[in-house]
Amino acid sequence: MILSRKNSAISSSPTLAIDAKFKAMKEQGKDVISFGVGEPDFDTPQNVKQAGIDAINQGWTKYTPTRGFLKLQYVIAAQLMRDDRMVYDEGNIVVSNGTKHSLTNAFMAILNPGDEVIIPAPYWVSYPEIVKIADGTPVIVQTSEANDFKITAAEFENSITANTKAIIINSPCNPTGAVYTLEELESLANVAKKHKIFAISDEVYGQFIYNDVKHATIAKFIPYETIIVSGVSKSHAMTGWRIGYTASTAEIAQIIENIQSHTTSNASSISQAAAIEAFRRSSLGSVEQMRTEFNRRRLYLVDAINKISGISCKAPDGAFYLWVNVKGLLGNTYYGSTIANSYELCESLLENAGIALVPGECFGVPGYVRWSYAASMENIEKGVERLTTFVTHGEKTFVAHI
Ligand code: GLU
């Protein structure tokens, strides 16, 4: 029997695969620590959990409108107004089952077979696959470390063909933590406007920005050509609740609603009730607490990593990842095996040092690894110790492979 050609070419999520491998090792009693998957280690805030419990007790357990409860659409619009001074109403917002789902809906709404989507690398692992699921063609554009791995207007313009339909802007970026400035977004928006290209703006890490850097959205410059995609998974430690949303023109929102009405209907009514609470001003304190703690870990980890010889990283302005240059370790032999690339390095680190990191290959840029600091400070300190031991003693340690 012939199966779907398109979907046979879709690979599974490597970040989720690494997390599954880590969990399996843990179950076998191995002493491993995960800095792999990007999942806040905090519990969902108590008031948000209570809102979910209340929703069950009050019978909010039936279908909701496909786009989500009106109240939820309002509080999302209110946040977009508060954070970005963007004006959206219920005609523009569609709530879905997580940001990944919202991204899929967004691409399904705008792409036709053969349409190209520009994806600046390093990119989040699921972008190319989601584009392919939606019949598009991912076009990977390498960015430079000198520009903090942010695509420039010139790089963007040079990658445009007659088939280019959209560009993905992910700020703060997973995996680099880089944050685009308002000026950078304006120059990218000018190119998009000139060539009539959509921007898919993934802003799921928008609440986690450090220093004096400000969150900005490309929608400010091209509101009709932008689809903002975000959710509560990261901002409110709600990965399991599965709530994401799109903010777009009413026309695109209608297409997304139609698609979703035939695929998943509405997002869970209980999760939606919890998300209403999450988007309220009263929950801002919990987000700020997490941000402060992430910042503390970020500062410690950047410093600690740059003390280890052969590796380096810049202090990112956002998200909760470090993008670590490991090129200085490649070609060396650790624990009896010569490490050719960052993929093999991560395998060896998991096996010999008990730490799970994600290789740069998964994000389209070898020679780097992603370290998620959405892990306790105690584990981060242990992780640094283990990595230091691996780098300083691993080379001398020979393991006899039988
Ligand atoms: N977005 C997170 C990450 O990059 C969660 C895992 C996933 O959905 O890929 O680790």
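Residues numbered from 1 in each chain as written. Predicted model: local features only at pLDDT ≥ 70, side-chain atom pairs only at ≥ 80, totals over all residues. Heavy atoms only, no water.

Tell me about the site of the ligand, and please be specific about residues and values.
As a structural note, the neighbourhood of the ligand is formed by Ser13, Thr15, Leu16, Val37, Gly38, Lys100, Trp124, Asn174, Tyr205, Lys234, Tyr321 and Arg370. Residue Lys100 places a side-chain N or O atom 2.8 Å away from an oxygen atom belonging to the ligand. Between an oxygen atom of the ligand and a side-chain N or O atom of Arg370, the distance comes to 2.8 Å. For the shell around the ligand, a count of residues per class yields five nonpolar, four polar and three charged. (Near = heavy atom within 4 Å. Polar contact = N/O pair within 3.5 Å; in protein donor to acceptor, adjacent residues only side chain to side chain. Nonpolar A, V, L, I, M, F, W, Y, C, P; charged D, E, K, R; others polar.)

An account of the packing of aromatic side chains is needed here, citing residue identities and associated values.
Aromatic ring pairs are defined here through the distance separating the ring centres and the angle between the ring planes. In this structure the tally under the stated criterion is 18 aromatic pairs. Judged by centre distance (5.1 Å) and plane angle (0°), the rings of Trp323 and Tyr368 are stacked. Note that Trp323 is positioned in strand β9 (residues 321-325) and Tyr368 in strand β14 (residues 368-372), a separation of 45 residues in sequence. Of the two residues, Trp323 and Tyr368, neither departs from the other in class, the shared state being buried. What links up through ring pairs into an aromatic cluster is the set Phe42, Tyr205, Phe208, Phe294, Phe320, Tyr321 and Tyr373. (Phe/Tyr/Trp six-rings, centres within 6.5 Å; stacked < 30°, edge-to-face > 60°. Helix = DSSP H or I, 4+ residues; strand = E, 2+ residues; numbered from the N terminus. Buried < 20%, exposed > 50% of the residue type's maximum accessible area, 1.4 Å probe, protein only.)

A description of the nonpolar core should follow, citing residues and the corresponding values.
Leu322, Val324 and Trp371 are the most contacted members of the largest nonpolar core, which has 43 residues in total. Sorting the residues of this core by element identifies α11 (284-306), β9, α12 (342-353), β14 and α13 (377-393) as the ones contributing at least two each. Looking at which element gives the most residues to this core, the answer is α11, with seven residues. In this structure, Leu322 is in contact with Pro175, Leu301, Val302, Ile305, Cys313, Lys314, Pro316, Val369, Arg370, Trp371 and Tyr373, ignoring residues within four places of it in sequence. Tyr123, Phe149, Ile259 and Leu350 belong to the second-largest nonpolar core, a separate cluster that totals 40 residues. (Core = buried A, V, L, I, M, F, W, Y, C linked by side-chain atoms within 4.5 Å. Contact = heavy atoms within 4.5 Å.)

With reference to specific residues and values, describe the pairing of strand β8 (residues 244-247).
Burial along β8 is two-sided: Gly244 and Thr246 facing one way and Tyr245 and Ala247 facing the other are all buried. Bridge count for strand β2 (residues 93-96) against β8 is four bridges, and the pairing is antiparallel. Counterpart to Ile93 in the pairing with β8 is Ala247. (Pairing = 2+ DSSP bridges.)

Can you lay out the sheet that holds β2 for me, pointing to particular residues and giving the numbers?
The seven strands lie next to each other as β2-β8-β7-β6-β5-β3-β4, forming an open sheet whose pairing is mixed. Edge positions in the sheet fall to β2 and β4 (137-142), since each of these pairs with one other strand and no more. Neighbour-to-neighbour, the strand axes of the sheet open up by a mean angle of 25°, direction not taken into account. Of the pairings in the sheet, the one linking strand β3 (residues 116-121) to strand β5 (residues 164-170) comprises three bridges and is parallel in character. Across the sheet, Glu116 pairs through a bridge with Thr164, a residue of β5. (Axes fitted to C-alpha atoms, helices over the stretch in contact; angles between N-to-C directions.)

Describe the sheet that holds β14, and please don't skip the residues or the numbers.
A sheet is described by the order of its strands in space; here three strands give the open sequence β9-β14-β13, paired in antiparallel fashion. Each having just a single partner strand, β9 and β13 (358-359) make up the two edges of the open sheet. Bridge count for β13 against β14 is two bridges, and the pairing is antiparallel. Bridge pairing in β14 links Pro359 to Val369. α11 rests against β9 and β14 of the sheet, and its axis sits at about 10° to β9.

Help me get a handle on unusual backbone geometry, residues and values and all.
In the segment running from Ala121 into Pro122, the intervening peptide bond is cis, with an omega of 5°. Following the sequence through the fold, Pro122 ends up in the loop between β3 and α6 (127-133). In this model, Ser171 is joined to Pro172 through a cis peptide bond whose omega is -5°. Among the secondary structure elements, Pro172 is positioned in the loop between β5 and α8 (182-195). Phi at Tyr335 takes a positive value of approximately 50°, unusual for a residue other than glycine.

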